[in-house]
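Residue strings, one per chain:
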Amino acid sequence: MVHLTLDPSWFDYPDVPLPDVWTVECLQPAPLLDGADSAAGAAARTLADAARLPAGASVAVGVGSRGITGLEAAVRAVVAALKTAGLRPFIVPAMGSHGGATAEGQAAVLASYGVTEERVGAPVRASMDVVQLAALEDGYPVYLDRLASEADAILVVNRIKPHTDFHGRIESGLAKMCSIGLGKRLGADAIHRFGADGLRERMPRIARRVVECANVIGGVAILENLYGQTAEVHAVGPAGIGAGMEEELLRRARSLSPRLPFAELDVLIVDEMGKDISGSGMDTHVLGRARIPSIREEEWDGPHVRIVCALDLSERSHGNAAGIGLADMVTRRLVERVDWQATMTNHRTSGEGGVQRGHIPLVLEDGAACARAAIAACGRGGPVRLARIRSTARVRMLQVTQPLAAEARDREDLRVVGGPHPLDPDTKLEVG
């Protein structure tokens, strides 16, 4: 941990008043799946039946480091379905270098989501050891978690969503878990050396080779709506991983993903960032900024935000503040909660994605100082277009200043539900 000695007056603007804010609710319709855990179990049983595994076969169930809604219940249902099919499931962390790139750290990440033997009914077996499973046509090595390689079959459970580093036909989902997640630190480091282009072009090819050379029986794919709720669950057979079905599900996921309802913001305050929220700490599509050398900012989707303030690091991020450089200003509280070893390991492993996103933002004493400094520095000189959200995964409810509240009153997709009330950045939003 790092302890800062800061003069509270540094870059603070005590003469800048905090504005009043209004609470705005987004009204965009969002599909919601009832019984998501049952759907996950049914998907796993479908894949197991199609694979025709012999009774007693061992199945490595890959689970990652993202804060997927209902993850514990979904994994428990998958385990129960595999057991009902006469199989012996166990859990393997499929998260590349996350968890500080240690087996103990990765098991701890899963435990923080409730994925333990006691709660899901299958043992968690964590190792950073890999085997070289195969190679691509050009000799590029394909790595696989050693424990998963020794199982009779592999099944992965993951959310499909747009990636925060690149646009492609396959982005974040089952193929990424097979190629990077199960490749552990060695596999993640190797593929990220090729940057965004490598992720776009090589990641699906590596995933296909893993499917071809290991007995990957498929994946349970979860899609979430723009409010972070489970919208759909699908059984994706081995032929669909990194291929047609996953491509189609990505298109569907992109239409459901969270977005801010305003195109132009002077200041965006994000109460919490973290690896459980997004691989980049904050979703780049919500922020409207990529900050990666291969990507031109004007080509990235999302709003135009002048200044982003991140106020805290989530508990489930376990000190990993990868993506901190996406913010322009942060609080002392956030910085002092950072595990810099885990953060810099993640930044180094992620290649060019960790270069600019590893920059240290301006550090302010607290949330109020952050907000005042951002308002003073945003270049507006008048009433600011300020919005505040709990995280980039929770955008249903926002706090906004008067110019945005006036816009919201004229829109059918937004509703002003409260205010005005004083902006209090040091008390986390309980909404959204």
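Scoring rules and cut-offs
- Residues numbered from 1 in each chain as written.
- Predicted model: local features only at pLDDT ≥ 70, side-chain atom pairs only at ≥ 80, totals over all residues.
- Heavy atoms only, no water.
- Helix = DSSP H or I, 4+ residues; strand = E, 2+ residues; numbered from the N terminus.
- Rg over C-alpha atoms; globule rule 2.2 N^0.38 Å.
- Buried < 20%, exposed > 50% of the residue type's maximum accessible area, 1.4 Å probe, protein only.
- Lys, Arg positive; Asp, Glu negative; His and termini not counted.
- Salt bridge = Lys/Arg side-chain N within 4 Å of Asp/Glu carboxyl O.
- Polar contact = N/O pair within 3.5 Å; in protein donor to acceptor, adjacent residues only side chain to side chain.
- Contact = heavy atoms within 4.5 Å.
- Core = buried A, V, L, I, M, F, W, Y, C linked by side-chain atoms within 4.5 Å.
- Phe/Tyr/Trp six-rings, centres within 6.5 Å; stacked < 30°, edge-to-face > 60°.
- Lys NZ or Arg CZ within 6 Å of the ring centre and 35° of its normal.
- Pairing = 2+ DSSP bridges.
- Axes fitted to C-alpha atoms, helices over the stretch in contact; angles between N-to-C directions.
- Left-handed = near helix turned anticlockwise from the far one by under 90°.
- Nonpolar A, V, L, I, M, F, W, Y, C, P; charged D, E, K, R; others polar.

A.B. asks: Whenever I open this one, the overall build of the protein chain confuses me. Can you help?
C.D. replies: For the protein chain, the helix and strand inventory stands at 14 helices and 15 strands. Its C-alpha radius of gyration of 22 Å places the protein chain within 12% of the 22 Å reference for a compact globule of 432 residues. Over its C-alpha atoms, taken along the principal directions, the protein chain stretches across nearly 70 × 45 × 40 Å. Expressed as a percentage of its 432 residues, the buried residues of the protein chain come to 60%.

A.B. asks: Can you help me understand the side chain of R66 in this one?
C.D. replies: Turning to its location among the elements, R66 is positioned in the loop between strand 2 (58-63) and helix 2 (71-84). Buried within the structure, R66 lacks any salt-bridge partner; D276 is the closest side chain of opposite charge, at an N-O distance of 8.5 Å. Within the structure, the side chain of R66 is placed 3.1 Å from the side chain of S65, a separation counted as a polar contact. Leaving out residues up to four positions away in the same chain, R66 has contacts with L71, H98, Y113, R159, K176, K275, D276, S278 and G279.

A.B. asks: What is the right way to look at the nonpolar core in this model?
C.D. replies: In globular proteins that are soluble, nonpolar side chains generally tend to be buried together. Among the nonpolar cores identified, the biggest contains 48 residues, and I154, I160, L182, V216 and I241 are the most heavily contacted of them. The greatest single-element share of this core, amounting to 7 residues, is contributed by helix 8 (residues 195-213). L260, M282, V363 and A405 belong to the second largest nonpolar core, which has 37 residues in total.

A.B. asks: Help me understand the packing of aromatic side chains in this model?
C.D. replies: Centre distance and the angle of the planes are the two values used to describe a pair of aromatic rings. With the rule as written, the count across this model stands at 0 aromatic pairs. R125 extends its terminal NZ or CZ atom over the ring of F90, reaching a point 4.5 Å from the ring centre. Residue placement shows R396 over the ring face of Y227; its charged tip is 3.7 Å from the ring centre.

A.B. asks: Teacher, can you tell me more about the sheet that holds strand 6 (residues 153-159) here?
C.D. replies: The pairing of strands in a sheet comes from backbone hydrogen bonds and takes either a parallel or an antiparallel form. Ordered by their spatial adjacency, 5 strands build an open sheet running 3-2-6-7-8, and the pairing between neighbours is mixed. Looking at the sheet topology across the chains shown, the edges are occupied by strand 3 (88-93) and strand 8 (230-236). Strand-to-strand twist across the sheet, computed as the mean angle between neighbouring axes with direction ignored, equals 20°. Where strand 7 (residues 216-224) and strand 8 come together, 6 bridges link them in antiparallel fashion. Bridging from a neighbouring strand, L223 pairs with E232 of strand 8. Its contacts with the sheet put helix 1 (residues 36-51) on strand 6, strand 7 and strand 8, and the angle it makes with strand 8 is roughly 10°.

A.B. asks: Looking at this structure, how should I read the packing of helix 1 against helix 2?
C.D. replies: Packed helix pairs are specified by the crossing angle of their axes together with the interaxial distance, meaning the distance between the axes. Contact geometry for helix 1 and helix 2: axes closest at 7 Å, N-to-C directions at 35°. Every pair of crossing elements has a handedness; the one defined by helix 1 and helix 2 is right-handed. Counting all contacts with helix 1, which are made through D37, A40, G41, A44, R45 and A48, the residues of helix 2 involved are A73, A74, A77, V78, A81, L82 and T84. Here the contact of helix 1 with helix 2 is built from residues that sort into 9 nonpolar, 2 polar and 2 charged.

A.B. asks: Can you help me understand the sheet that holds strand 11 (residues 329-331) in this one?
C.D. replies: Pairing is mixed across the open sheet formed by 8 strands, whose spatial order is 12-11-10-9-13-14-1-15. Strand pairing shows two members of the sheet lacking a second neighbour, strand 12 (362-364) and strand 15 (414-422), which therefore form its edges. Here the strands of the sheet are splayed against their neighbours by 25° on average, with no regard to which way each runs. Judged from the 2 bridges that link them, strand 10 (residues 304-310) and strand 11 form a sheet pairing that is parallel. Considered in strand 11, the bridge of A310 is made with V330. On the sheet, helix 13 (residues 367-377) packs against strand 9 (264-270), strand 10, strand 11, strand 12 and strand 13 (386-389) and is oriented at approximately 165° with respect to strand 11.

Geometry only, nothing functional implied.
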